[in-house]
Amino acid sequence: MKRLLIVAHAPSPNTLRLREAVASGARHPDIETVEVVVKAPLEAGPEDVLACDAIILGTTENLGYMSGALKDFFDRSYYPCLEETQGLPFAFYIRAGHDGTGTRRAIESITTGLRWKLVNEPLTCGGEYKEEFAEQCEELGMYVAASLDAGLV
């Protein structure tokens, strides 16, 4: 079995719905060889990253940056994972009240330093909450898990 780790900050009912949608898509019944592990950023650590085959990150846009919880996850995981996870396939989504630009830039900067491999265009769910955000997140989870299942990433 391959392991897909989802590390996503979900401080509200809507962001929890997005995290659950990513996990639901990743657990699609046609995806047979992928175990999905979902953790909040404050519960996840380097041991989780070292044990996974791909990762999906999720965050809110907080003051033009990622959530403090996701930043804390990176702070604790960066150096223990730096040499061991180069090339790790990853994707991410942002629940942004504005445009998510600063949040995206911050995540891309850290993951570039880690030398992780972006496998899907970042998803920004911006502005007022829309039900289509959950559908987009479900598709993201399904895409990454199916790609992992098929050996494409």
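Criteria and cut-off values
- Residues numbered from 1 in each chain as written.
- Predicted model: local features only at pLDDT ≥ 70, side-chain atom pairs only at ≥ 80, totals over all residues.
- Heavy atoms only, no water.
- Patch = residues over 30% accessible without salt bridge, like charges linked within 9 Å, V, L, I, M, F, W, Y side chains within 5 Å.
- Areas by Shrake-Rupley, 256 points an atom, 1.4 Å probe, with all protein chains shown as cover.
- Salt bridge = Lys/Arg side-chain N within 4 Å of Asp/Glu carboxyl O.
- Lys, Arg positive; Asp, Glu negative; His and termini not counted.
- Charge placed at Lys NZ, Arg CZ, Asp CG, Glu CD.
- Helix = DSSP H or I, 4+ residues; strand = E, 2+ residues; numbered from the N terminus.
- Buried < 20%, exposed > 50% of the residue type's maximum accessible area, 1.4 Å probe, protein only.
- Axes fitted to C-alpha atoms, helices over the stretch in contact; angles between N-to-C directions.
- Parallel < 35°, antiparallel > 145°, perpendicular 65-115°, else oblique.
- Left-handed = near helix turned anticlockwise from the far one by under 90°.
- Contact = heavy atoms within 4.5 Å.
- Nonpolar A, V, L, I, M, F, W, Y, C, P; charged D, E, K, R; others polar.
- Pairing = 2+ DSSP bridges.
- Right-handed = clockwise from strand over helix to strand, strands pointing away.
- Phe/Tyr/Trp six-rings, centres within 6.5 Å; stacked < 30°, edge-to-face > 60°.
- Core = buried A, V, L, I, M, F, W, Y, C linked by side-chain atoms within 4.5 Å.

Participant: Before we move on, could you go through a negative patch on the surface and cite the residues and values that matter?
Facilitator: Where like charges cluster on the molecular surface, the negative patch consists of Glu132, Glu135, Glu138 and Glu139. Relative to the elements of secondary structure, Glu139 occurs in helix α5 (residues 132-149). According to the relative accessible area criterion, Glu139 is exposed, its value standing at 54%.

Participant: Tell me about the packing of helix α3 (residues 68-82) against helix α4 (residues 101-114), residues and numbers included.
Facilitator: For the pair α3 and α4, interaxial distance at closest approach is 10 Å and the crossing angle is 15°. Here α4 runs roughly parallel to α3, going by the angle between their axes. When you trace α3 past α4, the crossing you get is left-handed. Judged by residue contacts, Leu70, Phe74, Tyr78, Cys81 and Leu82 of α3 engage Ile107, Ile110, Thr111, Gly113 and Leu114 from α4. Each residue belonging to the contact of α3 with α4 can be placed in one class, and the counts come to eight nonpolar, two polar and no charged.

Participant: Could you give an account of the pairing of strand β2 (residues 34-39), naming the residues involved and the relevant values?
Facilitator: As defined by bridge partners, strand β1 (residues 2-8) adjoins β2 across six bridges and the pair is classed as parallel. Paired with Leu5 across the two strands is Val37, which belongs to β2. What joins β1 to β2 is helix α1 (residues 13-26), and the crossover it makes is right-handed.

Participant: Explain the packing of aromatic side chains residue by residue, including any values.
Facilitator: Counting across every chain of the model gives six aromatic pairs. With a centroid separation of 5.1 Å and an interplanar angle of 75°, the aromatic rings of Tyr78 and Tyr79 are classed as edge-to-face. Under the relative-accessibility criterion, Tyr79 is labelled exposed at 65%. By way of ring pairs, the aromatic residues Phe73, Phe74, Phe90, Phe92 and Trp116 are connected into one cluster.

Participant: Give a detailed account of the nonpolar core, specifying residues and quantitative values.
Facilitator: One finds Leu4, Ile6, Ile56, Tyr93, Cys137 and Val144 to be the most contacted residues of the largest nonpolar core, which totals 26 residues. Taken together, the elements giving at least two residues each to this core come down to β1, α1, β2, β3 (54-60), β4 (89-96), β6 (123-126) and α5. Residue contributions to this core peak at seven residues, all from α5. In contact with Val144, not counting residues within four places along its chain, are Leu4, Ala54, Ile56, Ala91 and Val119. In this structure, Leu5, Ile55, Phe73 and Ile107 belong to the second largest nonpolar core, which totals 24 residues.

Participant: Outline the environment of Ala145, listing residues and values.
Facilitator: As for its placement among the helices and strands, Ala145 is situated in helix α5. Note on Ala145: relative accessible area 0%, which makes it buried. In this structure, Ala145 is in contact with Leu4, Ala26, Ile31 and Val34, ignoring residues within four places of it in sequence.

Participant: Break down unusual backbone geometry for me, citing the residues and quoting the values.
Facilitator: Of note, the phi angle at Leu63 is positive, near 55°, even though the residue is not glycine. Note on placement: Leu63 falls in the loop between β3 and α3. The backbone of Arg115 sits at a positive phi, close to 65°, despite the residue not being glycine. Here Arg115 is to be found in the loop between α4 and β5 (117-118). Under the relative-accessibility criterion, Arg115 is labelled partly exposed at 49%.

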